[in-house]
Amino acid sequence: MTRDTTLEVDNITKTFTTVCAVDGLSFTAKSGTVFGLLGPNGAGKTTTIRMVLDIIVPDSGTVRWQGKTVDADIRRTFGYLPEERGLYPKMKVRDQLMFLAQLHGLSALDARKTIEDLAAQLNLTEHLEKAPQELSKGNQQKVQFIAAVVHAPPLLVLDEPFSGFDPVNVEVVKNSIRQLLAADTTVLLSSHRMEQVEELCEDVCIIDRSRAVQSGSLREIKRNWPDRFVRMSPLPNTDFLKAFPGASILPGRNGFLDVKLPAGHSPAELARAAIASGPLDHFEVVEPSLNDIYLAAVKPEHTA
Amino acid sequence: MRTVWLLIKREFIERVRQRSFVVATVLGVLSIIALALIPSMIGTFAKSQSTKFIIATPDVATATAIEESLRKSGSLVEVDLKRRPMNGALPPDMKAKLMKGKYDAALIAYRDAQHHLAFAYYPKSANALQSADEVEASLQRAVLIADVSASQRDAVSQALKFPFDVHSLNARYKNAEDEIFSQGIVYFLLIILYIAVIAYGMQVATGVIEEKANRIMEVMIGAARPTQLLAGKIFGISAVALLQLTINAVAAAVAAIIAGVLYGASPNGKQAIAMASQMQQQQQVGKLIMSQGLPHVPWVTLAFLIVFFFLGFFSYSAIYAGIGSLLSKPEEVQQYAMVFMAPVIAAYVLAIFALQFPDLTIVVWGSMIPLVSPLLMFTRISTTDVPAWQIAVSIGGSLVAIWGLTLLAGKLYRVGVLMYGKPPRPVEIWRALRAHT
């Protein structure tokens, strides 16, 4: 199923005083999908998100939503879950959510109903009359999540949405995100957690030192990745790998021998060499994991 | 517009719901009621504070004259009739009584070698020491009466009771008491204006910083424009201020009526007020404010109080919101308190000056310069006749300044609300401002 492109980030650049935070970044996100924004700390993810949300104005380039440059009115429909969570500590959860929903343009009646529904979905109903300062961190996070989605935003920006959640709640939040996707929401997700990005995202953009180093459909990126990843049964002797310059053994998983095979070498040749070197009962060419791609794309001195 | 309204509503409701608001308002009302009871307190105070003299005189006639003169100024006089001093020395037993604290001062009258009346004054209490000049002045009358022959005494005494009517040509005040009263009211209202501008202005600053510190700003900035957030904050807090000031004003009016009933009618109250009226100017003013009450303040003055409160509050809160958005932690407000308060304090000091000299050039000009004008113009309007054009310039200037300051604050706000960490240096602020324009 093809999806419509909704969010277009076109060649945006932002320089703070002397530091270039984002340099000529472009990407597009489609409705009903999650777009993953990856990168080490300080790479420019938050600045990019703030430019998408029109909080910071780019020095050059544009951000368009459904073909129109994002302005205050369009931005007001967006939902945002910031990395640094923020709520009024003493204001009742229900009042707070009502306030934010109305601020985003909902009528009081719609807001009340949506809050009830979302609270039920996230097991938060009993906490609606409490102040955030009385809630556990996980529940505060859920309130923050509701605050971001209460007005049914067409674009939902999630900055590290799973930090602070236990595995059960991560699933609860993921399910909510899936429901939003089913309703054609475009989700822009920034995270360090590769496995979750891999699970949710259709497209990704990896940013390093203010620039996009990988961008596009996750499947395409994996398919076109020059390095091959081979998983085989363990062999007593790995000297046969010396015939493949650049090949390296990755930290093994589940007793397998995982090998990264650089471009220019054929997996078939490796298979032959492996069989020659001993009994081989498992040989598999695997797609690179997002983690492999990320580590290859991001310069080591910049990984945090 | 709906956005700003929502922001104002939240600001107002959440602030009014706070326990601190309820406590502060109740305490405010209680202290106003306590203030209303001050006349009786001043009365008691006045009684215990009137100077007690012990006097010794060369003859009975002098004693009577002195006693009469001193009593006129509200002092208590006891005459030691047994003693006929020949010089100004203080007899040991009188000194002992003084030291025991029975009297505040001893006054020894005697006749010198030329048979002229002479006095030696032995004040013990600070009050008595301060009133040496008054005592000397009262004695002039006593000397006149005591030193004329018995046949002339009545005539002199009668002549000294000459009438002295003050027919004030000053348009504002009918008499000195009226002037003192009026100045007292202005002084009182000036303090309210000063405290309100600082207190509510600081609330704007801390409110902005709190929203930054608990990061709610990250969400808010996505839902509303910085100028809307700023307007919501300032108008929300001004609504709170208006509510609190109204509650206090109503409390003051009620307290004044109660005080009027309690003290105005009863003989005790009248005596207390009469006693109090002989005290220092400030106590007198306090008594007058409380006995005559706020209803006595011209409505125009109260209306101007509200107008200039808002002009002052809006000017300063725009600045405070701008500075506040550059700070990251509520504690930092303390460090920068002087920066916040300096301009208001300067305006206040000038206004106190203006209370005495409302027509000085510097005061006239100052009353038309934004930031200092609200306090100064209010003072001038309340104490002298101000040409209408000057009032218009003052209010118009303030409005223009508020507009400009709010624009500037909105920019600072936009730059500042997402800045964390150390407060930025002026150069950085300037760069950031330029980057956003």
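Structure report, in brief. (Residues numbered from 1 in each chain as written. Chains lettered and ligands numbered in written order. Predicted model: local features only at pLDDT ≥ 70, side-chain atom pairs only at ≥ 80, totals over all residues.)

## Quick look at the packing of helix α16 (residues 337-356) of chain B against helix α18 (residues 373-383) of chain B
All names here are of chain B.
Stage number 1. Two elements in contact, α16 and α18, have axes whose closest approach is 8 Å; the angle formed by their N-to-C orientations is 15°. Compared by their axis directions, α16 and α18 come out roughly parallel. With respect to the hand of their crossing, α16 and α18 are arranged in right-handed fashion. For the pair α16 and α18, the contacting residues are Ala347, Tyr348, Leu350, Ala351, Ala354 and Leu355 in the first and Leu375, Leu376, Thr379, Arg380 and Thr383 in the second.
Stage number 2. Across the contact of α16 with α18, the residue classes tally to 8 nonpolar, 2 polar and 1 charged. (Axes fitted to C-alpha atoms, helices over the stretch in contact; angles between N-to-C directions. Helix = DSSP H or I, 4+ residues; strand = E, 2+ residues; numbered from the N terminus. Parallel < 35°, antiparallel > 145°, perpendicular 65-115°, else oblique. Left-handed = near helix turned anticlockwise from the far one by under 90°. Contact = placed C-beta atoms within 7 Å. Nonpolar A, V, L, I, M, F, W, Y, C, P; charged D, E, K, R; others polar.)

## A short note on the interface of chain B and chain A
Stage number 1. The interface of chain B with chain A comprises 17 residues on the first partner and 22 residues on the second.
Stage number 2. Of all elements in the fold, only α1 (2-17) and α10 (216-223) of chain B reach the threshold of two or more residues within the side of chain B that touches chain A.
Stage number 3. Looking at the side of chain B that touches chain A element by element, the count peaks at 7 residues for α10(B).
Stage number 4. Here the side of chain B that touches chain A is built from residues that sort into 8 nonpolar, 3 polar and 6 charged.

## Topic: helix α10 (residues 290-297) of chain A
A turn of α-helix holds 3.6 residues, and therefore any two residues three or four places apart point the same way.
Stage number 1. Those residues of α10(A) not exposed but buried are Leu290(A), Ile293(A) and Tyr294(A). All buried residues of α10(A) fall inside an arc of 100° around its axis, so they share one side. (Buried ≥ 20, exposed ≤ 12 C-beta atoms within 10 Å, placed from the backbone. Arc of directions from axis to C-beta.)

## Overview of the environment of Arg141(B)
Residues and elements named next belong to chain B.
Stage number 1. The residue Arg141 is located in helix α7 (residues 132-147) in this model.
Stage number 2. Sequence separation between Arg141 and Ser69 is 72 residues, and the spatial gap between their C-alpha atoms is 6.9 Å.
Stage number 3. With residues near it in sequence (within four places) discarded, Arg141 still touches Ser69 and Leu160.

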